[in-house]
Amino acid sequence: MSLTERKPAGDTAKEDFGALKVVPVRHPWRWAAVVATAVLVAQFAHGLATNPGWEWEVFAEFFTADVILKAVWITLQLTFYGTALGFALGIVIAFMRLSASPFLRAVAFGYIWAFRSIPLIVQLLFWFNLAYLYKELRFGIPFGPGFFSFDTMGLVGAMSAAVLGLALHQAAYAAEIVRAGVLSVDSGQLEAAAALGIPRLRQIRRIVLPQAMRSILPNAANEIISLFKGTSIVSVMAIGELFYQVQVIYGRNGRVVPLLMVATAWYVLLTSALSVLQHYVERHFSKGASR
């Protein structure tokens, strides 16, 4: 009777795995999708470069024209004022919704419900025609005599009505963004701050808002970019922003496509700049956060 030497199980496993041939997984459909997409992109780029209908010489002529640059400046002003006033009011409305007072919560909810329900163009036209309802605005004792007044027609012009409409519309969305960010902060931190005797306002300013900004910023940036593009709707009020001026120019010379490309290029350029700014602001407020 002969005895055979048995090899340890580990050595056998090593030999077996070493003899295997490793074959990478093939993805034929993925490569087919890549090729098809590359062909479509190349065709689109070729059409942009060779199709005379784009009239790139007209595009180059008007892209940096004085009237276009002034229109871009007006668009940026509308975006800035609408964002600043909208988010300032939105923060107030957000904390009204978080208030312990049922009345304040109801008023804040009613504001958000109304301004999110009414189309922006209707709001703009309403504020533009405010003088039809109120000839003058008086300041004084409520339901009593007024001390001084302003003529509504001279006070609320086209630009003022546009800023007012954009800001009030933006405030409804900003309030929900801020409220969601505040609710994302752990309530235990507020309890700890209250136990340490930190005043309520300082709790919000130094503890809640810095942490809530991580949740607020991405949605807020989307709203600002949407507002920037949405300023084109004020063209119904004959305000000389970017889209309105483009319409005026191609209405005179008939070069519709290159002028629309001028507006498109400026919107893309400035939206990209806002996106870069968003990246750095988010990085600032995400310091110390684990991702």
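Details of the structure are given in the entry above.
Throughout what follows, the structure given in this document is the object of discussion. (Residues numbered from 1 in each chain as written. Predicted model: local features only at pLDDT ≥ 70, side-chain atom pairs only at ≥ 80, totals over all residues. Heavy atoms only, no water.)

**Regarding the side chain of serine 235**
Looking at where serine 235 falls in the secondary structure, it is placed in the loop between helix H11 (200-230) and helix H12 (242-253). With residues near it in sequence (within four places) discarded, serine 235 still touches Glu241, Phe243, Tyr244 and Gln247. (Helix = DSSP H or I, 4+ residues; strand = E, 2+ residues; numbered from the N terminus. Contact = heavy atoms within 4.5 Å.)

**Regarding the nonpolar core**
Residues Ile93, Tyr111 and Val234 are the most contacted members of the largest nonpolar core, which totals 35 residues. If you tally residues by element for this core, the top one is helix H9 (residues 158-183), at 12 residues. In contact with tyrosine 111, not counting residues within four places along its chain, are Leu89, Ile93, Leu168, Ala171 and Ala172. (Core = buried A, V, L, I, M, F, W, Y, C linked by side-chain atoms within 4.5 Å. Buried < 20%, exposed > 50% of the residue type's maximum accessible area, 1.4 Å probe, protein only.)

**A closer look at the layout of surface pockets**
A water-sized probe, rolled over the atoms, reveals where empty space remains. Taken as a whole, the largest pocket spans an internal volume of roughly 450 Å³. Thr83, Ala221, Ile224, Leu274 and Leu277 are the residues nearest the centre of the largest pocket, which is lined by 18 residues in total. Elements represented by at least two residues in the lining of the largest pocket include exactly helix H4 (66-97), H11 and helix H13 (256-285). Of all the elements, H11 adds the most residues to the lining of the largest pocket, at eight residues. Across the lining of the largest pocket, the residue classes tally to 14 nonpolar, four polar and no charged. The computed volume of the second largest pocket comes to approximately 200 Å³. Around the second largest pocket, the lining residues are Phe95, Leu98, Val182, Leu183, Val185, Asp186, Ser187, Leu190, Arg200, Ile204 and Val208. Those elements that place two or more of their residues in the lining of the second largest pocket are H9, helix H10 (187-195) and H11. (1 Å grid on protein atoms, 1.4 Å probe; cavity = no way out; pocket = protein on both sides within 12 Å on 5 of 7 lines; lining within 4 Å. Points joined across faces, edges and corners; volume = space filled by probe spheres on them. Nonpolar A, V, L, I, M, F, W, Y, C, P; charged D, E, K, R; others polar.)

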